[in-house]
Amino acid sequence: MSTTTHTLQVKSHNKPDERRAPEKTLLELNHLGEYSIGRMTMQPGWTWADDIKPVVNTDSCRLLHVGYCVSGSLETMLDDGTTATINAGDSYVIPPGHNARVLGDEPYVAIEVHSAGEYGVPAS
C-alpha cells in the first residue's frame, strides 16, 4: 500500500520529539506524521544482549531495521548464524531475529527509517 503525504515537515534530531536512553544507548526520535525516524547512538561496549534484551524481554531483536550508518561499526548476528558488519557509509536491512554489538572504541551512530518508533520498547 502506498502512502501519500501532503504536509511538508522538517525536524531536527538535535531537538527530537522523543529521547530513549537504555543502557549505553541514545535514540533521538522524530515523528513525522505516520513515520518515525531515529538517530541511534550506541556506545563502545554496547551489545543488544546486555543493553536492550533486559528492556524488551525477547531472546533476540524482533524488529526489522532499515537505515544508514553515519559512524562506527556494528556486528550483527542473525539467529541462523549469518553475520555482517555495518560500517560508516553503509545502508542496511536487518531482518527480525538478530543480536548485535558495537565494534571498536568509536560510538556507532545510525539513522533508522524503519522500526525506530518501536526500538527499546518492552515486548507485549
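Visitor: Even after reading the chapter, I still don't get the overall build of the protein, so can you show me in this structure?
Guide: From N to C terminus, the protein includes 2 helices and 9 strands. Taken over C-alpha atoms, the radius of gyration comes to 14 Å for the protein, in line with the 14 Å a tight globule of 124 residues would show. In terms of overall dimensions, the protein has a C-alpha envelope of 40 × 30 × 25 Å along the principal axes. Here the protein holds 124 residues, and the buried ones make up 40% of them.

Visitor: Is there a simple way to explain the pattern of salt bridges in this structure?
Guide: Think of it this way: side chains of opposite charge can pair up when their charged atoms draw near. Under the defined criterion, the tally for this structure stands at 6 salt bridges. Glu28 is paired through a salt bridge with Arg19; the nearest N and O atoms lie 3.9 Å apart. With relative accessibility at 51%, the residue Arg19 sits in the exposed group. Salt bridges sharing partners connect three or more residues here, namely Arg19, Glu28 and Arg39.

Visitor: I would appreciate a short explanation of the sheet that holds strand E8 (residues 98–103) in the present structure.
Guide: Each strand in a sheet pairs with its neighbour through backbone hydrogen bonds, running either in the same direction (parallel) or in the opposite one (antiparallel). Pairing in this open sheet of 3 strands is antiparallel, and the strands run E6-E5-E8 from one edge to the other. The strands lining the two open edges of the sheet, one partner per strand, are strand E6 (83–87) and E8. Between one strand axis and the next, the sheet turns by 20° as a mean value, whatever way the strands run. Pairing of strand E5 (residues 73–78) with E8, which is carried by 6 bridges, proceeds in the antiparallel orientation. Paired with Leu74 across the strands is Val102, a residue of E8.

Visitor: Any chance you could explain the pairing of E5 here in plain terms?
Guide: Consecutive side chains of a regular strand alternate in pointing toward one face of the sheet and then the other. Direction of pairing for E5 relative to E6: antiparallel, over a ladder of 5 bridges. Bridging across to E6, Leu74 finds its partner in Ile86. Adjacent in sequence and paired antiparallel, E5 and E6 are bridged by 4 residues, among which Gly81 carries a positive phi angle near 100°.

Visitor: Is there a simple way to explain the environment of Gly117 in this structure?
Guide: If you trace the backbone, Gly117 turns up in the segment after strand E9 (108–114). Each residue touching Gly117, except ones within four places of it in the same chain, is listed here: Arg20, Leu29 and Ser36.

Visitor: Would you explain the sheet that holds strand E7 (residues 91–94) in this entry?
Guide: With antiparallel pairing, the 6 strands of this open sheet are ordered in space as E1-E2-E3-E9-E4-E7. Lying at the two open borders of the sheet, with one neighbouring strand each, are strand E1 (18–20) and E7. Strand-to-strand twist of the sheet, defined as the mean angle between neighbouring strand axes without regard to direction, takes the value 25°. Direction of pairing for E1 relative to strand E2 (residues 25–32): antiparallel, over a ladder of 3 bridges. Along E2, the bridge assignment pairs Glu18 with Leu29.

Visitor: Can you walk me through the environment of Glu18 in this structure?
Guide: With respect to the helices and strands, the residue Glu18 is situated in strand E1. When the C-alpha positions of Glu18 and His31 are compared, they lie 8.4 Å apart, and in sequence the two are 13 residues distant. When sequence neighbours within four positions are dropped, the list of residues in contact with Glu18 reads Leu27, Glu28, Leu29 and His31. Reaching out from Glu18, the side chain makes a polar contact with the side chain of Arg20 at a distance of 2.9 Å.

What counts and how
Residues numbered from 1 in each chain as written. Predicted model: local features only at pLDDT ≥ 70, side-chain atom pairs only at ≥ 80, totals over all residues. Heavy atoms only, no water. Helix = DSSP H or I, 4+ residues; strand = E, 2+ residues; numbered from the N terminus. Rg over C-alpha atoms; globule rule 2.2 N^0.38 Å. Buried < 20%, exposed > 50% of the residue type's maximum accessible area, 1.4 Å probe, protein only. Salt bridge = Lys/Arg side-chain N within 4 Å of Asp/Glu carboxyl O. Pairing = 2+ DSSP bridges. Axes fitted to C-alpha atoms, helices over the stretch in contact; angles between N-to-C directions. Contact = heavy atoms within 4.5 Å. Polar contact = N/O pair within 3.5 Å; in protein donor to acceptor, adjacent residues only side chain to side chain.

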